[in-house]
Amino acid sequence: MSVLTVYSWPEQSAAAQTALAEHALVVLSIASPAATSREWARQQLRLAVRDLLSCAYAYPAEQLRLERHPGQVPGLNLSIPGHQIALSISHESGLSIAAIRTRQRNAALEHAEQQPNEDDAEVGAEVGAEDEYAHGTDLVWEIGVDLLKLAHIPDWQAVATLYLGPEVSAAIAATDPAQQMACFALHWAQLEARCKCQGLGLSEWSVSSNADTATYRYQQLDLPTGYVGALAIKI
């Protein structure tokens, strides 16, 4: 599995902009003091994402809305003319990360979406970002990212068998005991990242739930000591 660089914000803001321009993909991190709240971390991460996209695309920061609503993908209303944006975030004590993926938006599709739909107008419908997913406008190309702080889990084998499956559980058990927690954490981060990418909640492992894992590409994140993270992308 390849390792993806994570750019500390704002210290590595210039390098993060370069990575986004070259690869259309970047992961940011923000360190948070131990005494700060989760909401503070969320706010700082939202500001970092907004500032990065504003600088990368020369778009007014005040027009970028990074809203957060329970049960919805963060940043669903992010919109920059000519571009599609996928966003995933994860928080742990002391560190928060955001993965951003962009691509050029189909010009014909963008023009069509700007035109009023007579059928919708008759019933007073408003087609927003959430409706675009449902109407098949090729926006289902999400990413997922997850972050874990390493900790000892006494019953990791039972948890791994239940959620990661017998093969992964056996592979973790076969690693050096000193590396088992890190190995478990990486596989768990991949699972959580894939669930975010799918827009699904965590569920117990089964043959059917594991059937499409080959359609995702995973990258380990280069994080500070004591943290493990993974990125999942639908391929």
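Residues numbered from 1 in each chain as written. Predicted model: local features only at pLDDT ≥ 70, side-chain atom pairs only at ≥ 80, totals over all residues. Heavy atoms only, no water.

Draft legend 1. Inspection of the packing of aromatic side chains at higher detail. A complete count under the given rule lists three aromatic pairs for this structure. With 6.3 Å between their ring centres and 55° between their planes, Trp156 and Phe184 make a pair best called tilted. Residue Trp156 is located in helix α6 (residues 156–163), and its partner Phe184 is located in helix α8 (residues 180–198); the two are separated by 28 residues in the primary sequence. Accessibility assignment for this pair places Trp156 and Phe184 in one class, buried. Relative to Trp188, the ring of Tyr163 has its centre 5.5 Å away and its plane inclined at 75°; by these criteria the two rings are edge-to-face. (Phe/Tyr/Trp six-rings, centres within 6.5 Å; stacked < 30°, edge-to-face > 60°. Helix = DSSP H or I, 4+ residues; strand = E, 2+ residues; numbered from the N terminus. Buried < 20%, exposed > 50% of the residue type's maximum accessible area, 1.4 Å probe, protein only.)

Draft legend 2. Structural view of the pairing of strand β4 (residues 83–92). Burial within β4 is extensive, with eight of its 10 residues counted as buried. Here 10 bridges tie β4 to strand β5 (residues 95–104), and the two strands are oriented antiparallel to one another. When the bridges of β5 are listed, Ile85 appears paired with Thr102. (Pairing = 2+ DSSP bridges.)

Draft legend 3. Structural view of the pairing of strand β6 (residues 143–149). Buried residues dominate β6, accounting for six of its seven residues. Two strands pair when backbone bridges link them, and β6 and strand β8 (residues 227–234) are joined in this way by seven bridges, in the antiparallel orientation. Note on β8: the bridge partner recorded for Asp146 is Ala230.

Draft legend 4. Focus on the sheet that holds β4. One open sheet accounts for four strands, arranged β2-β3-β5-β4; its pairing is mixed. Of all strands in the sheet, those with a lone pairing partner are β2 (7–8) and β4, marking the two edges. Helix-sheet contacts for helix α1 (residues 13–23) involve β2, β3 (25–31) and β5, and the interaxial angle to β3 is about 160°. The strands touched by helix α2 (residues 38–57) within the sheet are β3, β4 and β5, with β5 carrying the most contacts at an inclination of about 30°. (Contact = heavy atoms within 4.5 Å. Axes fitted to C-alpha atoms, helices over the stretch in contact; angles between N-to-C directions.)

Draft legend 5. Seen up close, unusual backbone geometry. Note that the residue after Trp9, namely Pro10, is joined by a cis bond; omega there is 5°. Looking at where Pro10 falls in the secondary structure, it is placed in the loop between β2 and α1. Even without glycine at this site, Ala58 takes up a positive phi of about 50°.

Draft legend 6. Representation of the environment of Glu92 in the model. Position of Glu92 among the secondary structure elements: in strand β4. Here the alpha-carbon distance between Glu92 and Leu147, two residues 55 residues apart in the chain, equals 6.6 Å. For Glu92, the contacting residues outside a window of four places in its chain are Leu147, Leu148, Lys149 and Tyr227. Only 3.3 Å separates the side chain of Glu92 from the backbone nitrogen of Lys149, close enough to count as a polar contact. (Polar contact = N/O pair within 3.5 Å; in protein donor to acceptor, adjacent residues only side chain to side chain.)

Draft legend 7. Main features of the sheet that holds strand β7 (residues 216–222). The four strands are arranged β1-β7-β8-β6 in an open sheet whose pairing can be described as mixed. Bordering the open sheet on either side are β1 (3–5) and β6, each of which pairs with just one other strand. The mean angle between the axes of side-by-side strands here comes to 30°, regardless of whether they run parallel or antiparallel.

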